[in-house]
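# A structural walkthrough
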Amino acid sequence: MTPIKKVLIIDDCPINSFLSQKALAEFNEDISTKTINFPEEALDYLKSILDLSINNLNAFKPDIVFLDLHMPQMTGFQMLDELEKNEAFIQNPIDIYMLSSSCLERDIQIALNKKLCQGFITKPLNQIKLNTLFR
């Protein structure tokens, strides 16, 4: 697996985002994180990431995305559906993992059946889960 250097956390709850950032920092202090708390803003960011990377070498292009499932205005499922419609994103995908407090088998199966979803992780993010994912 390619070393993970940049992680984008998309979660409407700032506390959950903070806890995920802390877990990642404890796992590897060299990982840079960016958080976005509004799903629409995150979707716009992800859709534009390829242009940002081409035009700005300093743009934050994540190696991996942790995406919350239950958010207001747009769920993680809806965000994945929208990204699947973006041909540029499909051609240059970023690994996306659903990070959710849901333990419902139905939610897990829907997530895993999404083309862009690489896996489903239950909150909170911790060292055991990160070790399993990154090693």
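Small disclaimer: the values here were computed from a predicted structure and weren't measured.

## Points about the pattern of salt bridges
When the charged atoms of two side chains with opposite charge come close together, those side chains can pair. All chains considered together, the criterion is met by 6 salt bridges. Lys-123 is the partner of Asp-68 in a salt bridge, and the nearest nitrogen-oxygen pair spans 3.1 Å. One end of the pair, Asp-68, is in the loop between strand E3 (64-67) and helix H3 (76-84); the other, Lys-123, is in the loop between strand E5 (117-122) and helix H6 (127-134), with 55 residues separating them in the sequence. The exposure classification of Asp-68 matches that of Lys-123, with both residues buried. In this structure, Asp-107 and Arg-106 form a salt bridge, with 3.6 Å as the shortest nitrogen-oxygen distance. A residue is classified by how much of its surface remains accessible, and Asp-107, at 3% relative accessible area, is buried. Owing to a relative accessible area of 60%, Arg-106 belongs among the exposed residues under this scheme. The structure contains a network of salt bridges with shared partners spanning Asp-11, Asp-68 and Lys-123.

## Focus on the pairing of E3
Residues Ile-64 and Phe-66 of E3 are buried on one face, and the alternating residues Val-65 and Leu-67, pointing to the opposite face, are buried as well. By the bridge criterion, 4 bridges tie E3 to strand E4 (residues 95-100) in an arrangement that is parallel. Pairing of Val-65 across the sheet is with Ile-96, part of E4.

## Remarks on the packing of aromatic side chains
Counted by the stated rule, this structure contains 2 aromatic pairs. Ring centres of Phe-27 and Phe-134 lie 5.4 Å apart, and the angle between their planes is 40 degrees; on these two criteria the pair is classed as tilted. Here Phe-134 lies in helix H6 and Phe-27 lies in helix H1 (residues 14-27), a separation of 107 residues in the sequence. Residue Phe-27 shares its accessibility class with Phe-134, and that shared class is buried. Aromatic pair Phe-66 and Tyr-97: ring centres 6.3 Å apart, planes at 45 degrees, arrangement tilted. You can see Phe-66 sitting in strand E3 and its partner Tyr-97 sitting in strand E4, a full 31 residues away along the chain. The exposure class of Phe-66 is buried, given its relative accessible area of 1%. Taking the ring centre of Tyr-45 as reference, the NZ or CZ of Lys-34 above it sits at 5.1 Å.

Parameters and conventions
Residues numbered from 1 in each chain as written. Predicted model: local features only at pLDDT ≥ 70, side-chain atom pairs only at ≥ 80, totals over all residues. Heavy atoms only, no water. Salt bridge = Lys/Arg side-chain N within 4 Å of Asp/Glu carboxyl O. Helix = DSSP H or I, 4+ residues; strand = E, 2+ residues; numbered from the N terminus. Buried < 20%, exposed > 50% of the residue type's maximum accessible area, 1.4 Å probe, protein only. Pairing = 2+ DSSP bridges. Phe/Tyr/Trp six-rings, centres within 6.5 Å; stacked < 30°, edge-to-face > 60°. Lys NZ or Arg CZ within 6 Å of the ring centre and 35° of its normal.

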